Amino acid sequence: VKRSFELLTVAAIPAQIYNGEGLEPTVEVRDGDRVLTEGIDYEVEYRNNVEIGEAEVVIKGKGNYAGTLNTTFEILKRKLTIEDLKIEDKYYDGTKEAKATYRIEGLTEADEVKAKEQLTLEKAEFPKEDVGTYPDAFAVLKLNGSFAEHYYFELPDGTKTDSIRLTDEASI
């Protein structure tokens, strides 16, 4: 006689961070104190496990077990950081416009090729157009399209956002 899966327990699956691929976290199924073995006692099927949001896990009994259990886990946005921001010094031209260079940390390998389209430098400026050295020259970067769905920047106060303003010292 096969044991009904409805009598078993499934441990909560912790939230996972977006990686651009199908996430398949380990599932722990218990029959009382006994931890069951995937492939022998049950099979696991994952659904909607790539994009941000709720992923579904379907656990089907096998061997001595019959029935199906369903559980879910959350897929969360991935944090991006901007490293090595540099506002370039420039010769006086009567404008506040600036040029900025930076490095992005935290992208999945597959998304690195899309960075130029999905992450834009919205603005890079000096606070004034006068000759001088400015500790607060700045750049504003914004996540667009799928990057806004999959990633976030974190502000110093912990707020998650799709746009960030960073400063650097530069001279005109």
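Owing to the predicted nature of the structure, the values given are computational and were not obtained by experimental measurement. (Residues numbered from 1 in each chain as written. Predicted model: local features only at pLDDT ≥ 70, side-chain atom pairs only at ≥ 80, totals over all residues. Heavy atoms only, no water.)

**Details of the confidence of the model for the protein**
Step number 1: With 100% of its residues at a pLDDT of at least 70, the protein reaches an overall mean of 93.
Step number 2: Mean pLDDT values for the elements of the protein range from 80 in strand 1 (residues 3-4) up to 98 in strand 3 (residues 16-17). (pLDDT = per-residue confidence, 0-100. Helix = DSSP H or I, 4+ residues; strand = E, 2+ residues; numbered from the N terminus.)

**Looking at the sheet that holds strand 9 (residues 68-76)**
Step number 1: Taken in spatial order, the four strands make up an open sheet running 3-9-7-6, and their pairing is mixed. Two strands in the sheet have a free side with no partner beyond their single neighbour: strand 3 and strand 6 (42-47).
Step number 2: Looking at chain direction, strand 3 and strand 9 are connected through two bridges and run parallel. Each residue of the ladder has a partner; that of Ile 17, found in strand 9, is Leu 76. (Pairing = 2+ DSSP bridges.)

**Things to note about the packing of aromatic side chains**
Step number 1: Considering all chains together, one arrives at three aromatic pairs under this definition.
Step number 2: Centre to centre, the rings of Phe 126 and Tyr 134 are 6.1 Å apart; their planes meet at 65 degrees, and the pair counts as edge-to-face.
Step number 3: Look at Phe 126 and you get buried, because its relative accessible area is 0%.
Step number 4: By relative accessible area, Tyr 134 is classed as buried at 10%. (Phe/Tyr/Trp six-rings, centres within 6.5 Å; stacked < 30°, edge-to-face > 60°. Buried < 20%, exposed > 50% of the residue type's maximum accessible area, 1.4 Å probe, protein only.)

**Overview of unusual backbone geometry**
Peptide bonds are trans in most cases, and residues, glycine excluded, mostly fall at negative phi.
Step number 1: With phi around 50 degrees, Asn 48 is a residue other than glycine that occupies positive phi space.
Step number 2: With respect to the element layout, Asn 48 can be found in the loop between strand 6 and strand 7 (53-61).
Step number 3: A positive phi angle, close to 55 degrees, is found at Asp 84, a residue other than glycine.

**Describing the pairing of strand 7**
Side chains on a regular strand alternate between the two faces of the sheet.
Step number 1: In this structure, strand 6 lies alongside strand 7, joined through six bridges in antiparallel fashion. Opposite Glu 43, over in strand 7, you have Lys 60 as the bridge partner.
Step number 2: Adjacent in sequence and paired antiparallel, strand 6 and strand 7 are bridged by five residues, among which Asn 48 carries a positive phi angle near 50 degrees.

**Observations concerning the pairing of strand 9**
Step number 1: Taking every second residue as pointing to the same face, the buried face of strand 9 carries Leu 69, Thr 71, Phe 73 and Ile 75, while none of Thr 68, Asn 70, Thr 72, Glu 74 and Leu 76 on the other face is buried.
Step number 2: Of the strand pairs in this sheet, strand 7 and strand 9 are connected by eight bridges, and their pairing is antiparallel. Directly across from Ile 59, in strand 9, lies its bridge partner Leu 69.

**Points about the sheet that holds strand 15 (residues 151-154)**
Backbone-to-backbone hydrogen bonds join strands into a sheet, with any given pair of strands oriented parallel or antiparallel.
Step number 1: In space, the three strands of this open sheet follow the order 10-15-16, with mixed pairing throughout. A single partner strand is all that each edge strand has here, and the edge strands are strand 10 (78-79) and strand 16 (160-161).
Step number 2: Strand direction decides the pairing type here: strand 15 and strand 16, joined by two bridges, are antiparallel. Among the inter-strand pairings, Phe 153 is bridged to a residue of strand 16, identified as Thr 161.

**Quick look at the environment of Leu 8**
Step number 1: As for its position among the elements, Leu 8 is in the loop between strand 1 and strand 2 (9-10).
Step number 2: With a relative accessible area of 7%, Leu 8 lands in the buried category.
Step number 3: For the pair Leu 8 and Val 35, spaced 27 residues apart in the sequence, the C-alpha separation amounts to 10.0 Å.
Step number 4: Leave out the neighbours within four places in its chain, and Leu 8 touches Val 29, Arg 30, Asp 31, Leu 36, Tyr 65 and Leu 69. (Contact = heavy atoms within 4.5 Å.)

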